[in-house]
There are 2 protein chains.
Amino acid sequence: MALIVQKYGGSSVSDAASIKRVAARIAETRNAGHDVAVVVSAMGDTTDELLDLASEITAAPPQRELDILLTAGERISMSLLAMAVSSLGFKAKSFTGQQAGVITDAVYGRAHIVDVVPHRIRETLEKGQVAIIAGFQGVDPVANDVTTLGRGGSDTTAVAIAAGLQADVCEIYTDVDGVFTADPRIVPSARKIEHTTYEEMLELAASGAKVLALRAVEYARRYNVPVHVRSSFTHVHGTLVTSAPARHTDDYFQHYREANVEAPIISGVAHDRSEAKITVVGIPDVPGMAARLFEVVANAGANIDMIVQNVSAQATGLTDISFTLPEGDGPSTLDAIRAVKDELGYAALRFDDEIGKLSLIGAGMKSHPGVSAKFFGALRDAGVNIEMISTSEIRISVVTRADLLDDAVRAVHTAFDLDGDAVAVVHAGTGR
Amino acid sequence: MALIVQKYGGSSVSDAASIKRVAARIAETRNAGHDVAVVVSAMGDTTDELLDLASEITAAPPQRELDILLTAGERISMSLLAMAVSSLGFKAKSFTGQQAGVITDAVYGRAHIVDVVPHRIRETLEKGQVAIIAGFQGVDPVANDVTTLGRGGSDTTAVAIAAGLQADVCEIYTDVDGVFTADPRIVPSARKIEHTTYEEMLELAASGAKVLALRAVEYARRYNVPVHVRSSFTHVHGTLVTSAPARHTDDYFQHYREANVEAPIISGVAHDRSEAKITVVGIPDVPGMAARLFEVVANAGANIDMIVQNVSAQATGLTDISFTLPEGDGPSTLDAIRAVKDELGYAALRFDDEIGKLSLIGAGMKSHPGVSAKFFGALRDAGVNIEMISTSEIRISVVTRADLLDDAVRAVHTAFDLDGDAVAVVHAGTGR
């Protein structure tokens, strides 16, 4: 039938009982006639426990050694899962990133996959066996050293293995039923998104939706891998992420072909509390000054998101520049800007970590006028003040006070008729 | 100065504090001007915890997956130890068995090292860095699969790495000061053996002395690797195992050249409680019957040790055959013999797991008559009945009742003037 890559996160394999449950699910898929390759994260809190051990040894462990340490987690979960699948009467073999042919660059801690050469996985599948692959890890073939992929690494491994195998679909198993029109913990009436495009999913992931890692979506778009985000606790259809679902003729996609006669204008509302805002006050409004500022920020390693520059005051020739960045990058970035205070000649530096970002995403807004008006109207009616704005073709994002973010999300969700009838079920825990 | 391979067992790296203590010891050795490669076991109870996890999943895990699972333990300890050494200002890198070039056959769970190709270890040492190597594991290069070496695997890894690097000495760190003339828990006055030969150490290890694994001694003898068994808790000289110590001109061996003007006649007394005895009663005393019996036993996978056949009773033409084997091999061996009862035509089968084995070892007994007489006299005076006897050129072993074993060990130890003045210090726990 189909060749399916399944990814199970840490919360799905947190103990022996849940590993057996996942094994039963894999057996089910095999019994339905599909070939199955499985990507698995480390068990539950294993990664955090290993990090704790490292921090007991030293505050600054060499990154190469940290990568070796952390990959022990997937080694444990993958071999246990292979044992569990074997005990159900199926042949199963586990493979490290290196054995699975996950080739990366040499950037320890946040390596990028540069190639996937899954000979051994293909051989295993051709023998009718189940291949279990360690997520989050690969090998730098030059040094023959193990690397880890950083945040969202196991999702990315799964999509990369699916691309390398030319699999029919990559199933990402999680503790919710799929991607929702908003975070169900904030908007209990949020609906599951049945189908969405890579572009919308990219904007959702970049705007704070945590169900699927941004890098995995980028990889899926590049190699056109259909991704199915679904719950490991239920059997309902999840969220399908593809370029065009009708193209897929396999039975697997029948549900989505029937369900998606018309794409909705708006996909969903995402939010993000993890950013902070830096404002450089009273900086001379002369050519090259902003360029210099952001050069300094980039050298500090910060990934900036939104930028706003005020209109310059004619009398003084000074302006203010604000930008947002991950909260954790704040201290080092502030240090870097302070170090060039004389050169930049600014008056003051402000740091604000009490902000929230809200984003409305939908491919339909390209062709449907009036979306912006309705969006800002809803925020106004909810009494939410807007501090910064940025947009793309299929997204509008605003920065607000953090304590108004939940109200803002609910107001926008309702304004765009995204509320469903059923209340979403959320299970505890999230994978990596 | 010298190139030293150090091996630390699980009890020496049971937590962050002890890992730091080992790192300090490695730093000391570097500061003394030596090059250091370190072989490390899994932390404390890690291996048992992983085995417990596996047994929660299934009673019969595939051995390939079990090997992958268990090797996670050394991956954790080696990277943490590399971090700890780095934090003391030395560059350190950890290596898996595969990365260290430990090539094995494909027998999962009890693989044998067939070659050591330590390119990366040598490069690391040449750069003045410390190489930390996972014990107990290797790679089967045909399948590119990880293997484990079974019991005593880390000792064997250390000796094999030392041989591959042509190291000056392989230091085996443990929780006692060296190899003793008897187990200090039974004979508190047992003395540390300053120096012994591979042959005597082989007999000691095969006869139940647990400080150094038999396979490691065999490997050391084959490649003529000096082995120094010593405590990680003190700085006293331990037991040196070599072919001829005077040959070594390095300062490292000065202590032993001075100490060992004359080799003692007797090295020590070893004991073993882990064996059981099977007696096949009333088996026809015809040619080929014993051969057939031991063929059946060998096919059951049992490693037999001592064999005794009674004189045949002339009237019946029947005899009894007794042999000892590891207690754990008892049930399957009994089953195998029962399965061919009609063919062998024996009258009864007896199983006795209440036996103990005592061995006296000494290269000097070859050239000193009277050792046997003194040995059996001491046992007689202690009221110990002898059930089986076996000898080699440098060893006499007897089987006694298990509850008399401690008395027997003490009696023989005293008879051969092995008692020392000081009481041996024993630290808790043992490594693998």
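Residues numbered from 1 in each chain as written. Chains lettered and ligands numbered in written order. Predicted model: local features only at pLDDT ≥ 70, side-chain atom pairs only at ≥ 80, totals over all residues.

**Student:** Pulling in residues and values, what's your account of the overall build of chain A?
**Tutor:** Assigned secondary structure in chain A consists of 13 helices and 20 strands. Its C-alpha atoms give chain A a radius of gyration of 23 Å, near enough to 22 Å, the size a compact globule of 432 residues would have. Each principal axis of the C-alpha atoms in chain A carries an extent, and together these give about 80 × 55 × 35 Å. Going through the 432 residues of chain A one by one, you find that 50% of them count as buried. Once local pairs closer than 6 in sequence are excluded, the contacts in chain A between residues at least 24 apart make up 76%. (Helix = DSSP H or I, 4+ residues; strand = E, 2+ residues; numbered from the N terminus. Rg over C-alpha atoms; globule rule 2.2 N^0.38 Å. Buried ≥ 20, exposed ≤ 12 C-beta atoms within 10 Å, placed from the backbone. Contact = placed C-beta atoms within 7 Å.)

**Student:** An account of the sheet that holds strand S19 (residues 388-392) of chain A is needed here, citing residue identities and associated values.
**Tutor:** Residue and element names in this part refer to chain A. Here four strands make up an open sheet; going across it, the order is S13-S18-S20-S19 and the pairing antiparallel. The open sheet has two edge strands, strand S13 (268-272) and S19, and neither has a second partner. Each strand of the sheet is rotated relative to its neighbour by a mean of 20°, with strand direction disregarded. Bridging between strand S18 (residues 355-361) and strand S20 (residues 395-401) involves seven bridges; their strand directions are antiparallel. Directly across from Leu 360, in S20, lies its bridge partner Ile 396. Sheet strands in contact with helix H6 (residues 198-206) are S13, S18, S19 and S20, and its direction is about 170° off that of S18. (Pairing = 2+ DSSP bridges. Axes fitted to C-alpha atoms, helices over the stretch in contact; angles between N-to-C directions.)

**Student:** Give a description of the relation of the copies chain A and chain B that names residues and reports values.
**Tutor:** Of the transformation placing chain A onto chain B, the axial shift is 0.1 Å and the rotation is 180°, giving an RMSD of 0.1 Å. Such a combination of rotation and displacement between the chain copies is what one expects of a two-fold axis. For chain A, the smallest separation between a C-alpha atom and the rotation axis is recorded for A:Ala72, amounting to 2.5 Å. Most of the interface of chain A is mirrored in chain B: 100% of its interface residues are interface residues there too. (Least-squares fit on C-alpha atoms with pLDDT ≥ 70 in both.)

**Student:** Describe helix H7 (residues 198-206) of chain B, listing the residues and the values that go with them.
**Tutor:** Residues and elements named next belong to chain B. Judged by how many residues are buried, H7 sits mostly within the fold: seven of nine residues are covered. Of the positions making up H7, those classed as buried are Tyr 198, Glu 200, Met 201, Leu 202, Glu 203, Leu 204 and Ala 205. Just beyond H7, the residue with positive phi is Gly 208, at close to 125°.

**Student:** I'd like a description of the nonpolar core, backed by residues and values.
**Tutor:** Of all hydrophobic cores here, the largest spans 216 residues; its most connected members are A:Leu81 and B:Leu81. In contact with A:Leu81, other than residues within four places in its own chain, are A:Val13, A:Ile19, A:Val22, A:Ala23, A:Val38, A:Val40 and A:Ile132. (Core = buried A, V, L, I, M, F, W, Y, C linked by C-beta atoms within 7 Å.)

**Student:** I'd like a description of the domain arrangement of chain A, backed by residues and values.
**Tutor:** Residue and element names in this part refer to chain A. When its domains are assigned, chain A resolves into domain 1 (3-259) and domain 2 (266-415). With 17 residues of domain 1 in contact, the opposing surface of domain 2 contributes 19 residues. Sort the elements by how many residues they give to the side of domain 1 that touches domain 2 and H6 lands first, with four residues. By residue class, the composition of the side of domain 1 that touches domain 2 is eight nonpolar, five polar and four charged. (Domains from an automatic or database assignment. Nonpolar A, V, L, I, M, F, W, Y, C, P; charged D, E, K, R; others polar.)

**Student:** Requested: an account of the packing of helix H12 (residues 371-381) of chain A against helix H13 (residues 405-415) of chain A, with residues and values cited.
**Tutor:** Residue and element names in this part refer to chain A. Closest axis-to-axis distance for the H12/H13 pair is 9 Å, and the angle between their directions is 135°. One element, H12, and the other, H13, form an angle in the oblique class. In this structure, the crossing between H12 and H13 has a hand that is right-handed. Counted together, Lys 374, Phe 375, Ala 378, Leu 379 and Asp 381 of H12 and Ala 408, Ala 411, Val 412 and Ala 415 of H13 form the full contact between these two elements. For the contact of H12 with H13, the class distribution of residues is seven nonpolar, no polar and two charged. (Parallel < 35°, antiparallel > 145°, perpendicular 65-115°, else oblique. Left-handed = near helix turned anticlockwise from the far one by under 90°.)

**Student:** Report on the interface of chain A and chain B, specifying residues and quantitative values.
**Tutor:** Each side of the interface is counted separately: chain A has 29 residues, and chain B has 29 residues. Within the residue set of the side of chain A that touches chain B, elements represented by two or more residues are helix H1 (16-31), helix H2 (46-57), helix H3 (63-87) and strand S3 (92-95) of chain A. Looking at the side of chain A that touches chain B element by element, the count peaks at 14 residues for H3(A).

**Student:** Please set out the environment of B:Ser232 residue by residue, giving values where relevant.
**Tutor:** Residues and elements named next belong to chain B. You can see Ser 232 is positioned in the loop between strand S11 (227-231) and strand S12 (239-242). Ser 232 gets classed as buried once you count the C-beta atoms within 10 Å, which come to 24. It is 8.1 Å that separates the C-alpha atoms of Ser 232 and Val 176, two residues lying 56 residues apart in sequence. Apart from residues no more than four positions distant in its own chain, Ser 232 is found in contact with Tyr 8, Ser 12, Val 22, Arg 25, Tyr 173 and Thr 174.

**Student:** Requested: an account of the packing of H1(A) against helix H2 (residues 46-57) of chain B, with residues and values cited.
**Tutor:** Here H1(A) crosses H2(B) at 45°, and the two axes come no closer than 9 Å. In terms of orientation, H1(A) lies oblique with respect to H2(B). You can see that H1(A) and H2(B) cross each other, and the crossing is right-handed. Residues A:Ala16, A:Ile19 and A:Lys20 of H1(A) lie in contact with H2(B), whose contacting residues are B:Leu53, B:Glu56 and B:Ile57. Tallied by class, the residues present in the contact of H1(A) with H2(B) amount to four nonpolar, no polar and two charged.

**Student:** If you had to explain the sheet that holds strand S13 (residues 268-272) of chain B to someone new, which residues and values would you point to?
**Tutor:** In any sheet, the strands associate via hydrogen bonds between backbone groups, in a parallel or an antiparallel arrangement. Residues and elements named next belong to chain B. Here we have four strands laid out as an open sheet, ordered S13-S18-S20-S19, and antiparallel in their pairing. This sheet does not close on itself; its edge strands, each paired only once, are S13 and strand S19 (388-392). When the angles between neighbouring strand axes are averaged without regard to direction, this sheet yields 20°. Across five bridges, the pairing between S19 and strand S20 (residues 395-401) is antiparallel. Bridging from a neighbouring strand, Ser 390 pairs with Ser 397 of S20. Against the sheet, H7 engages S13, strand S18 (355-361), S19 and S20, with an angle of about 170° to S18.

**Student:** With reference to specific residues and values, describe unusual backbone geometry.
**Tutor:** All names here are of chain A. Notably, Gln 166 is not glycine yet its phi reads approximately 50°, a positive angle. Within the secondary structure, Gln 166 is located in the loop between helix H5 (153-165) and strand S9 (169-174). We classify Gln 166 as exposed; it has 11 C-beta atoms within 10 Å. For Asn 224, which is not a glycine, the phi torsion comes out positive at approximately 55°.

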